[in-house]
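# Reading the structure
Take a look at the letters that make up each chain.
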Amino acid sequence: MMSQEEVKILADYIAENALRNTHQRFDVLDVFINSEGHFSIEELHELVKKKYPKASFSSTFRAMQVIEKAGLAARISGVDGVFRFEHLYKHQNHGHLVCTQCGQIIEYDNSKIIKLQKKIAAAHHFEPIRFGAKVRGICRNCQVKR
Ligand SMILES: [Zn+2]
Ligand SMILES: [Zn+2]
């Protein structure tokens, strides 16, 4: 089930920015929030179509841009310029292992790394906004194929 909090955040953002209040945006939010993982816009659109067969690619694309601006989704750049969306709201900080062969993204707990990055930032009087710890490499499946 989609949490009412996320629906409210999106509805508030749409109202504050005087955007058109289309049901497609909430359909896309519904599918996105209920799908745990990292999705390219194409993958996400496939999921949206399963539940809402009339959805068009451009409406999914535009909806995700609004959902991202409302602070509910974050973009992670994958391999070959393909970016993927993941949940941002109430999603704990984590690092990513990105496979350069198949594009798979694995999450790991990066709380220790963030602690260290905070120390480093403080030492430089630097105010961090977003922490990242991305590692590129080759996933287990792709290692077997080599
Ligand atoms: Zn792989
Ligand atoms: Zn992630």
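Conventions we followed
- Residues numbered from 1 in each chain as written.
- Chains lettered and ligands numbered in written order.
- Predicted model: local features only at pLDDT ≥ 70, side-chain atom pairs only at ≥ 80, totals over all residues.
- Heavy atoms only, no water.
- Buried < 20%, exposed > 50% of the residue type's maximum accessible area, 1.4 Å probe, protein only.
- Helix = DSSP H or I, 4+ residues; strand = E, 2+ residues; numbered from the N terminus.
- Pairing = 2+ DSSP bridges.
- Expected span 1.5 Å × (residues − 1).
- Donors = N, O, S within 2.8 Å, 3.2 Å for Na, K, Ca; no water.
- Domains from an automatic or database assignment.
- Buried area = accessible area lost by both parts, 1.4 Å probe.
- Salt bridge = Lys/Arg side-chain N within 4 Å of Asp/Glu carboxyl O.
- Polar contact = N/O pair within 3.5 Å; in protein donor to acceptor, adjacent residues only side chain to side chain.

### Digging into the pairing of strand 3 (residues 95-99)
A large share of strand 3 lies buried, amounting to four of its five residues. Bridging between strand 3 and strand 4 (residues 105-108) involves four bridges; their strand directions are antiparallel. Within strand 4, the position partnered with V98 by the bridge is I105. In the sheet, strand 3 pairs with strand 5 (residues 134-137) via four bridges, with the strands oriented parallel. Within strand 5, the position partnered with H96 by the bridge is K134.

### Points about helix 5 (residues 111-123)
Taking 1.5 Å as the rise per residue, helix 5 with 13 residues should run 18 Å; its terminal C-alpha atoms sit 19 Å apart, in good agreement. Looking one or two places after helix 5, you find H125, whose phi comes out positive at around 50°.

### Notes on the coordination of the zinc ion (ligand 2)
Octahedral six-donor coordination of a metal ideally yields angles of 90 or 180 degrees, compared with 109.5 degrees for tetrahedral four-donor coordination. At 1.8 to 2.2 Å from the zinc ion (ligand 2) lie its protein donor atoms, namely H38 (NE2), E86 (OE), H94 (NE2), H96 (NE2) and E107 (OE). Donor residues for the zinc ion (ligand 2), ordered by position in the chain, follow H-x47-E-x7-H-x1-H-x10-E. One end of the pair, H94, is in the loop between strand 2 (83-87) and strand 3; the other, E107, is in strand 4, with 13 residues separating them in the sequence. Its relative accessible area of 11% is what places H94 among the buried residues.

### A look at the domain arrangement of the chain
For the chain, the assigned domains are domain 1 (4-87) and domain 2 (95-145). A C-alpha centroid distance of 24 Å is found between domain 1 and domain 2. Interface of domain 1 and domain 2: buried area, both sides summed, is about 810 Å²; carbon and sulfur atoms make up 53% of it. At the boundary of domain 1 with domain 2, the tally comes to zero salt bridges. Connecting domain 1 to domain 2 are four residue pairs in polar contact (both at pLDDT 80 or more). At the level of elements, strand 1 (73-77) and strand 2 are the ones that each hand at least two residues to the side of domain 1 that touches domain 2. Ranked by the residues each element gives to the side of domain 1 that touches domain 2, the list is headed by strand 1, at four residues.

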